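Chain by chain, the residues run as shown.
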Amino acid sequence: MKGARLYLDGVSVVFDGFRALNNLSLIVEPGELRAIIGPNGAGKTTMMDIITGKTRPTAGTVTFGERDLTKLDEATIANLGIGRKFQKPTVFDALTVFENLELALKAPRDPWSCLRWVLGQEARKKIEATLEEIGLAERAQDRAAILSHGQRQWLEIGMLLMQEPQLLLVDEPVAGMTDQETEHTAGLLRRIAGTRSVVVVEHDLEFVRALGEKVTVLCEGAVLSEGSIDHVQNDPRVIEVYLGR
Amino acid sequence: MSATISMGQRLRPGSATILRGILLAGLAILAMLPVLNRLPPESALYVSDFVVSVSGKWICYAILALAIDLAWGYAGILSLGHGAFFALGGYAIGMHLMRMIGPRGVYGHPVLPDFMVFLGYTELPWTWWGFSSFPFAFAMALVVPGLLAGVVGYLAFRSRITGVYLSIITQAMTYALMLAFFRNDMGFGGNNGFTDFKELLGMPLNTSGARALLFYAALIALGGALLLCAHLTRSKLGRVLVAVRDAESRVRFLGYDTVRVKLTVFVLSAMLAGLAGALYTPLVGIINPGEFSPGNSIEAVVWVAVGGRGTLVGALVGAFSVNAIKTWLTSFAPDLWLFVLGGLFVAVTLFLPRGIVGLLHKGDGK
């Protein structure tokens with residue numbers, strides 16, 4: 001499954017005079033794993049909001065393949081194949097792990113189809129495969145409410161996978177995780193990329209290093225530096241932003 | 001799999017069986033009432049006309065409670081205006097019953113109900129066209145509440161109005177309708193509403209036989225409504241509703257059109273409330289604008305809270321138990337009722353957030 005290319009061109013977002021994004025341009029190629037780092041307020045989350053239709057840009061265009069994302073709503077964008085994992089994991093506490101994945105599984109979304117939905121062999125296999133992938137097979141029948149923080153993050157990544165997205169946006173996946181969990185997550189994201197594009201927003205530089213892919217540094221709503229982790233860590237402008245104040 | 005009676009609340013294994021037992025026993029006892037009513041009054045098992053008609057009324061209330069639980073307990077739509085859908089259903093059937101009085105009214109007009117003659121109407125207003133047909137009136141009892149819920153719900157959900165704001169809008173809706181129905185020039189009997197019904201489907205009302213038939217109609221409707229809601233809430237749609245209730249924006253990002261999902265359940269819920277009202281009017285023999293009063297809608301929400309929301313069975317338990325307390329209390333201290341109702345709501349919220357049925361809940365902390 002080769003996805004489409006994500007292209008942000010000259011995107012600006014202004015909230016009450018504050019420029020959250022300032023003429024930001026970015027290309028993510030199909031199958032690419034891209035890490036995005038930057039200090040607080042650099043516009044990382046706003047960028048995700050723009051791509052997923054939560055916020056509209058003040059200027060600029062966002063295209064995914066041929067489609068102009070700035071004119072579509074969240075549900076339509078999600079159904080185009082763009083999945084998003086939020087900073088704060090939001091899984092459905094009242095439902096089991098299995099049911100969470102079942103809801104995310106790519107299937108007709110209208111109420112009538114949901115009412116008549118029957119879990120078939122193929123769907124069950126897909127869900128079980130994802131359960132294995134995210135390491136929650138044992139917890140399938142537990143309510144999501146009783147999962148640990150790390151497990152919730154994985155469940156949410158699993159839910160993204162069930163949507164069979166072409167592009168995955170992952171916001172701070174390892175915040176609050178133990179080292180072991182962080183490692184597991186890096187492995188998971190590396191396995192996922194390749195068949196689909198993955199954009200990871202993260203603070204944790206060690207984690208970004210573990211991903212071992214191209215890094216974009218955002219600062220004040222624009223791209224400050226781009227390249228390998230070693231390249232950006234040695235970029236004097238990046239050093240200044242991270243250490244200079 | 002853990003024993004689940006619903007997605008809203010998960011119960012201890014075994015509890016679901018207990019609940020189902022209580023439910024079936026309750027429905028069986030209800031089904032016996034009109035039969036026991038036929039026994040000679042000196043028999044120990046004799047049940048008075050009063051008990052039959054009061055329980056018939058409660059059955060209608062239980063359907064209303066189910067409707068509220070579906071919207072509130074599952075989809076998180078706290079409507080404080082469901083009494084309006086109930087009353088509209090009641091008015092639709094009431095209009096048919098008024099037409100069926102025919103020339104037997106006090107003024108003896110062949111077509112116009114008494115209040116229209118009194119108000120100087122010379123012909124039937126267009127709003128009354130078609131109501132001489134029972135199927136039409138019955139359809140309207142479902143369609144009118146459904147349409148109103150569709151319009152109000154669409155506007156509110158599309159603008160992402162949720163929580164307390166939505167509750168206030170629905171409360172305003174029922175209040176506005178109450179004021180409108182109080183007006184004589186609406187053509188719906190104003191203040192007095194409709195009463196003095198004579199017959200339904202050729203069957204004279206006000207006989208114990210008719211009362212028993214209406215009672216069974218309501219009981220069957222309750223069973224049907226329960227099965228419908230159970231089917232819906234156990235389907236994937238039911239799980240989508242729970243997800244919308246707990247994290248609506250997340251559901252949107254999964255690609256579900258949550259406006260459509262909420263609208264579907266809200267309209268369905270309003271139609272169920274309309275059905276409850278349609279069964280209520282012939283049973284109690286009167287419908288008036290008081291049914292639109294905001295207090296009625298709030299009271300119905302309290303039933304569901306007391307019984308335990310998100311369980312369906314809880315809605316029935318709440319409707320019957322709160323109304324039993326009300327009937328008992330108002331027989332000797334009617335002024336106390338509103339205080340008790342308010343106190344009950346506060347107490348349940350503080351000490352029993354999952355309601356009576358929640359006592360059987362699995363203790364897993366959430």
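For chain B, an unreviewed UniProt entry supplies the name Urea ABC transporter permease subunit UrtC and the organism Teichococcus aestuarii. Under the heading Subcellular location (unreviewed entry), UniProt records this for chain B: "Cell membrane".

An unreviewed UniProt entry lists chain A under the name Urea ABC transporter ATP-binding protein UrtD, with Teichococcus aestuarii given as the organism.

> Which parts of the structure should I look at to understand the overall build of chain B?
Counting its regular elements, chain B contains twelve helices and four strands. Radius of gyration (C-alpha) of chain B: 21 Å, near the 21 Å computed for a compact globule of 366 residues. Dimensions of chain B along its principal axes, counting C-alpha atoms only, are 65 × 55 × 40 Å. In chain B, which comprises 366 residues, the proportion classed as buried is 54%.

> What should I look at first to understand the nonpolar core in this one?
In a soluble, globular protein the nonpolar side chains are often hidden away together inside. Residues Phe92(A), Leu155(A), Leu189(A), Val198(A), Trp128(B), Phe194(B) and Phe292(B) are the most contacted members of the largest nonpolar core, which totals 170 residues. Residues within four places of Phe292(B) in sequence aside, it is in contact with Ala84(B), Ala87(B), Leu88(B), Tyr91(B), Thr174(B), Tyr175(B), Leu177(B), Met178(B) and Phe181(B).

> Looking at this structure, how should I read the pairing of strand E2 (residues 18-28) of chain A?
Taken residue by residue, a regular strand's side chains alternate between the two faces of the sheet. Residues and elements named next belong to chain A. Direction of pairing for strand E1 (residues 6-15) relative to E2: antiparallel, over a ladder of seven bridges. Note that in E2 the partner of Val11 across the bridge is Leu24. If you look at the hairpin formed by E1 and E2, you'll find two residues sitting between the two strands, and Asp16 has a positive phi there, around 45°.

> I would appreciate a short explanation of helix H5 (residues 134-158) of chain B in the present structure.
Note that an α-helix has 3.6 residues per turn; residues three or four places apart therefore point the same way. Residues and elements named next belong to chain B. In a regular helix each residue adds 1.5 Å, so 25 residues correspond to 36 Å; H5 covers 35 Å between its end C-alpha atoms and thus fits that length. Its axis deflected by about 30° at Met140, H5 carries its strongest bend there. Restricting attention to buried positions, one finds in H5 the residues Ala137, Met140, Ala141, Pro145, Gly146, Ala149, Gly150, Val152, Gly153, Ala156 and Phe157. Buried positions along H5 lie against helix H3 (82-101), helix H6 (163-182) and helix H9 (258-284). Two or three places before Phe136, at the start of H5, stands the capping residue Ser133, its side-chain oxygen 3.1 Å from that residue's backbone nitrogen. Note on H5: the residue one or two positions beyond its end, Arg160, has a positive phi of about 55°.

> What should I look at first to understand the interface of chain B and chain A in this one?
Interface size is often expressed as the accessible area that is lost when the parts come together. On the side of chain A, 32 residues touch chain B, which itself brings 28 residues to the contact. Of all residues in chain B, the largest losses of buried area upon contact with chain A belong to Lys236(B), Arg250(B) and Phe253(B), amounting jointly to 29% of the total for that side. Our count for the chain B to chain A interface comes out at four salt bridges. Glu156(A) is the salt-bridge partner of Arg250(B), the closest N and O atoms lying 3.2 Å from each other. Our count for the contact surface shared by chain B and chain A stands at ten residue pairs in polar contact (both at pLDDT 80 or more). Residue assignment for the side of chain B that touches chain A shows that the elements contributing at least two residues are helix H7 (208-234), helix H8 (236-253) and H9 of chain B. When residues of the side of chain B that touches chain A are assigned to their parent elements, the largest contribution, 13 residues, is made by H8(B).

> It is not clear to me how the sheet that holds strand E7 (residues 167-171) of chain A should be interpreted in this structure. Could you clarify?
Within a sheet, adjacent strands bond to each other through the backbone by hydrogen bonds, running parallel or antiparallel. Residues and elements named next belong to chain A. Overall, mixed pairing links the six strands, which are arranged E6-E7-E8-E3-E9-E10 in an open sheet. At either end of the open sheet lies a strand with only one pairing partner, and these are strand E6 (82-85) and strand E10 (222-227). Neighbour-to-neighbour, the strand axes of this sheet turn through a mean angle of 20°, independent of strand direction. Across five bridges, E7 lies against strand E8 (residues 197-201) in parallel orientation.

> What is the right way to look at a nonpolar patch on the surface in this model?
Residues and elements named next belong to chain B. A contiguous nonpolar patch, built from Val106, Tyr107, Phe118 and Leu119 and spanning about 470 Å² of accessible area, is present on the exposed surface. One can find Tyr107 in the loop between H3 and helix H4 (114-118). Residue Tyr107 is classed as partly exposed on the basis of its relative accessible area of 46%.

> What's the story with the packing of H5(B) against H6(B) in this structure? I'm lost.
Helix-helix packing is described using two parameters, namely the angle between the two axes and the distance between the axes. Residues and elements named next belong to chain B. Contact geometry of H5 with H6 gives a least axis separation of 11 Å together with a crossing angle of 145°. Once H5 is placed against H6, the crossing between them reads as right-handed. Residue-level inspection shows Leu148, Val152, Ala156 and Phe157 of H5 in contact with H6, the latter providing Leu166, Ile169, Met173 and Leu177. Considering only residue class, the contact of H5 with H6 consists of eight nonpolar, no polar and no charged.

> So what exactly am I meant to see when it comes to the side chain of Asn100(A) here?
You can see Asn100(A) is positioned in helix H3 (residues 97-104). Other than its neighbours up to four places away in sequence, Asn100(A) contacts Val91(A), Phe92(A), Leu95(A), Ala144(A), Leu155(A) and Met159(A).

> Explain helix H11 (residues 313-330) of chain B to me, please; I cannot follow it from the model alone.
Residues and elements named next belong to chain B. For H11, which comprises 18 residues, the first-to-last C-alpha distance of 26 Å matches the rise-based estimate of 26 Å (1.5 Å per residue) to within 8%. Turning to H11, its buried residues are Val313, Gly314, Ala315, Leu316, Gly318, Ala319, Phe320, Val322, Asn323 and Leu329. On its buried face, H11 is in contact with helix H1 (15-36), helix H2 (49-74), H7, helix H10 (294-307) and helix H12 (337-351).

> In this structure, what is going on with the confidence of the model for chain B? I would like to understand it.
Atomic detail in the predicted coordinates should be set aside for any region of low pLDDT. Residues and elements named next belong to chain B. Model confidence for chain B is summarised by a mean pLDDT of 89, while 95% of its residues fall at 70 or above. The model gives residues 1-7 a pLDDT under 50, and that stretch makes 24 contacts with residues more than four places away or in other chains. Among the scores for the predicted complex, ipTM is 0.81 and pTM is 0.86.

> Help me understand the pattern of salt bridges, please; the structure alone is not making it clear to me.
All names here are of chain A. If you walk through the whole model with that rule in mind, you get 24 salt bridges over all chains. Taking the shortest distance from any N to any O, the salt bridge between Arg152 and Asp93 comes out at 3.1 Å. In this pair, Arg152 sits in helix H6 (residues 149-162) while Asp93 sits in the loop between E6 and H3, placing the two residues 59 residues apart along the sequence. Arg152 sits in the buried class, given a relative accessible area of 16%. For Asp93, a relative accessible area of 17% gives the class buried.

The rules behind each value
Residues numbered from 1 in each chain as written. Chains lettered and ligands numbered in written order. Predicted model: local features only at pLDDT ≥ 70, side-chain atom pairs only at ≥ 80, totals over all residues. Heavy atoms only, no water. UniProt positions renumbered as here; feature names shortened; annotations may be inferred. Helix = DSSP H or I, 4+ residues; strand = E, 2+ residues; numbered from the N terminus. Rg over C-alpha atoms; globule rule 2.2 N^0.38 Å. Buried < 20%, exposed > 50% of the residue type's maximum accessible area, 1.4 Å probe, protein only. Core = buried A, V, L, I, M, F, W, Y, C linked by side-chain atoms within 4.5 Å. Contact = heavy atoms within 4.5 Å. Pairing = 2+ DSSP bridges. Expected span 1.5 Å × (residues − 1). Bend = angle between axes of the 7 residues up to and from the residue. Polar contact = N/O pair within 3.5 Å; in protein donor to acceptor, adjacent residues only side chain to side chain. Buried area = accessible area lost by both parts, 1.4 Å probe. Salt bridge = Lys/Arg side-chain N within 4 Å of Asp/Glu carboxyl O. Axes fitted to C-alpha atoms, helices over the stretch in contact; angles between N-to-C directions. Patch = residues over 30% accessible without salt bridge, like charges linked within 9 Å, V, L, I, M, F, W, Y side chains within 5 Å. Areas by Shrake-Rupley, 256 points an atom, 1.4 Å probe, with all protein chains shown as cover. Left-handed = near helix turned anticlockwise from the far one by under 90°. Nonpolar A, V, L, I, M, F, W, Y, C, P; charged D, E, K, R; others polar. pLDDT = per-residue confidence, 0-100.

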